[in-house]
Amino acid sequence: MSILHLRDALVPPALRRCTVVGASGVPRFWATIHELTQMSALAESSRRTVLAGIDAFYLHVEEMHGADVLDQLLARLDTDAVSCALEAFLLREQNLAAIEQRAVSGRWHAASRFVLSTLRNVAAARGSLQEVEDVRHRLQDLERRVQQMTFAPAAREQTLRALPSGVLQDLYAIFDPEGERNPFKSRTERLRNYTLFLVLLHCGLRAGEALLLPVNCVRSQHDPSLIRDRHWMTVRNLFEEQTEIDPRALAPSLKNAYALRQIPVTDRVATLVGDFASACRRAHCGTHALFVSNRGRPLSKRMLEHIMARADAALSRSARDLLVDQRGIEHAKFTAHDLRHTCVVTRLNALRKHGVGEEEALSKLRVFFGWSHGSQMPRHYARAYWEAELGRVWNDAFDEHVEALREIECHECWVYPDGA
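None of the values given here were measured: they were computed from a predicted structure. All chains use their own residue numbering, which begins from 1 and follows the written sequence. Only residues with pLDDT of at least 70 get local features here, since the model is predicted, and only at 80 or more are side-chain atom pairs given and counted; chain-wide, interface and lining totals rely on the full set of residues. Side-chain measures here rest on the full set of heavy atoms in the structure, leaving out hydrogens and waters.

Observations regarding the overall build of the protein
Phase 1 of the analysis: Each helix and strand in the protein was counted, giving 15 helices and 5 strands.
Phase 2 of the analysis: Counting only residues that meet the buried cut, the protein has 43% of its 420 residues in that class.
Phase 3 of the analysis: We call two residues in contact whenever any of their non-hydrogen atoms come within 4.5 Å of each other. Restricting the contact set of the protein to residue pairs at least 6 apart, pairs at least 24 apart contribute 63%.
Phase 4 of the analysis: Reported accessibility uses the Shrake-Rupley method at a 1.4 Å probe radius. Residues are deemed covered only where the shown protein chains occlude them. Surface exposure of the protein reaches about 23,400 Å², of which carbon and sulfur atoms provide 54%. Per the convention used, a helix needs a DSSP run of H or I reaching at least four residues, while a strand needs a run of E reaching at least two, with both numbered from the N terminus. Accessible area is worked out with a 1.4 Å probe on protein chains only. A residue is then buried under 20% of its type maximum, exposed over 50%, and partly exposed in between.

Structural notes on the environment of Gly 374
Phase 1 of the analysis: The topology assignment puts Gly 374 in the loop between helix H14 (358-369) and helix H15 (377-415).
Phase 2 of the analysis: C-alpha of Gly 374 to C-alpha of Ser 363: the two residues are 11 residues apart in sequence and 9.5 Å apart in space.

Describing the pattern of salt bridges
Phase 1 of the analysis: What counts as a salt bridge is simple: a side-chain nitrogen of Lys or Arg found within 4 Å of a carboxyl oxygen of Asp or Glu. Enumeration according to the criterion identifies 15 salt bridges in this entry.
Phase 2 of the analysis: One salt bridge in this structure joins Glu 35 and Arg 47, with 3.1 Å as the shortest N-O distance. On the criterion of sequence distance, the pair formed by Glu 35 in helix H1 (residues 29-38) and Arg 47 in helix H2 (residues 44-65) is long-range, its members being 12 residues apart.
Phase 3 of the analysis: Residue Glu 35 is classed as buried on the basis of its relative accessible area, which comes to 3%.

Details of the packing of aromatic side chains
Phase 1 of the analysis: Any two rings among Phe, Tyr and Trp, with Trp reduced to its six-membered ring, count as a pair given centres within 6.5 Å; such a pair is stacked if its planes are under 30 degrees apart, edge-to-face if over 60, and tilted if neither. If you walk through the whole model with that rule in mind, you get 9 aromatic pairs.
Phase 2 of the analysis: Judged by centre distance (5.4 Å) and plane angle (85°), the ring pair of Tyr 172 and Phe 197 falls under edge-to-face. Residue Tyr 172 is found in helix H7 (residues 165-175), and its partner Phe 197 is found in helix H8 (residues 187-203); the two are separated by 25 residues along the sequence.
Phase 3 of the analysis: Through a chain of ring-to-ring contacts, three or more aromatic side chains come together here, namely Tyr 172, Phe 175, Phe 184 and Phe 197.

Some words on empty space enclosed by the protein
Phase 1 of the analysis: Residues are called lining when one of their atoms sits within 4 Å of a cavity or pocket point, these points coming from a 1 Å grid over the protein atoms alone, where a cavity is a set in which a 1.4 Å probe fits but cannot get out and a pocket is an open set with protein on both sides within 12 Å along at least five of seven lines. Grid points are joined across faces, edges and corners, and a volume is the space filled by probe spheres set on the points. According to the stated counting rule, one finds 1 cavity of 30 Å³ or more in the structure shown.
Phase 2 of the analysis: Volume-wise, the largest cavity comes out at about 30 Å³.
Phase 3 of the analysis: What lines the largest cavity is simply Trp 30, Ile 33, His 34, Thr 37, Ser 117, Thr 118 and Asn 121.
Phase 4 of the analysis: Listed by contribution, the elements that provide at least two residues to the lining of the largest cavity are H1 and helix H5 (107-126).
Phase 5 of the analysis: If one sorts the elements of the lining of the largest cavity by residue count, H1 sits on top with 4 residues.
Phase 6 of the analysis: Its residues assigned to classes, the lining of the largest cavity shows 2 nonpolar, 5 polar and no charged. Residues were grouped as follows: Ala, Val, Leu, Ile, Met, Phe, Trp, Tyr, Cys and Pro as nonpolar; Asp, Glu, Lys and Arg as charged; and all remaining residues, including Gly, as polar.

Remember, this is a structural readout, not a statement about activity or role.
Following this line, the structure appears as structure tokens:
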């Protein structure tokens, strides 16, 4: 993969991002233009995925022509050559998908969008837009014909459910810094992981958001109306302030513009974060990130996954059985994102108990969890909430039914005594 992440201090902050480069290390011209003009709203992880598809197409064209000529073909508006390359690229992706028994990857879509966007811009400057429209129709027709022959794996139903209470209790015991079941060695590690666990669970952050929190992410202010302090957490990317460069090879990022937000936090979380930030982080840390490794560097996503994997391995047999019952044996694993699921369902439950209507509650969830105004994700979680609520109501109704039967039985025994 010929993707270079520009992060040197000499590079202007606006250009510190991933870019596609050729064999000589020089950025590819049209790929760079496309990335700067069409992909600015994408998160870093999404941008890297799209660029991987574009880079794969560059290499594909180089294999076809024996030279790195895609930028030249696009600049000359050679629609025939580019169309043939795209058609061959789609067929190759289709063959790979059939062999691996999966759907066609997103690399084809990334490459086709890049090519059509670039051709459209070049054609607009030359007044040849009709040629581009012909290419677009040609590719759409090809894609339709290929899709009819495509292996389509059965879509797996997305499971968005809160962790069972028994599993959550088990995790509290595992992450307890003083607990005997805690699998982590040093006290600093235990306190860091416990703080990370509670931040993910109580604040419902995405893993990447937690890894971007600055050390002063929690602020407090006295509220005279409540006669107590109120606390809030600012979710932001500390590395976008241009004062520090993220040293991680795979740097996390905020998923979208709505992920930048302020959320209320409890006294317990505020105190825990404050104590950890002041007492447990290394005094000589070379970063302002809240969660750091044993070497004082920002905690990586891979290390976070390792922490959660060790917690998953420490689950008791009864907790594992609960996950198997809920998700099936293939997906009975605990991940950091499960804590976000649990937080969403818990927050929705609390809002509903306080008399907040469903639409208003979903709107509040969008703000708290960093979703766009039109996102349907809250409705998926609402389904998980209503499934749990249905189970509770059914159990209550069953208990009432049994109790009524018992009363009837006792009444019949009183009216018709034995031997009557």
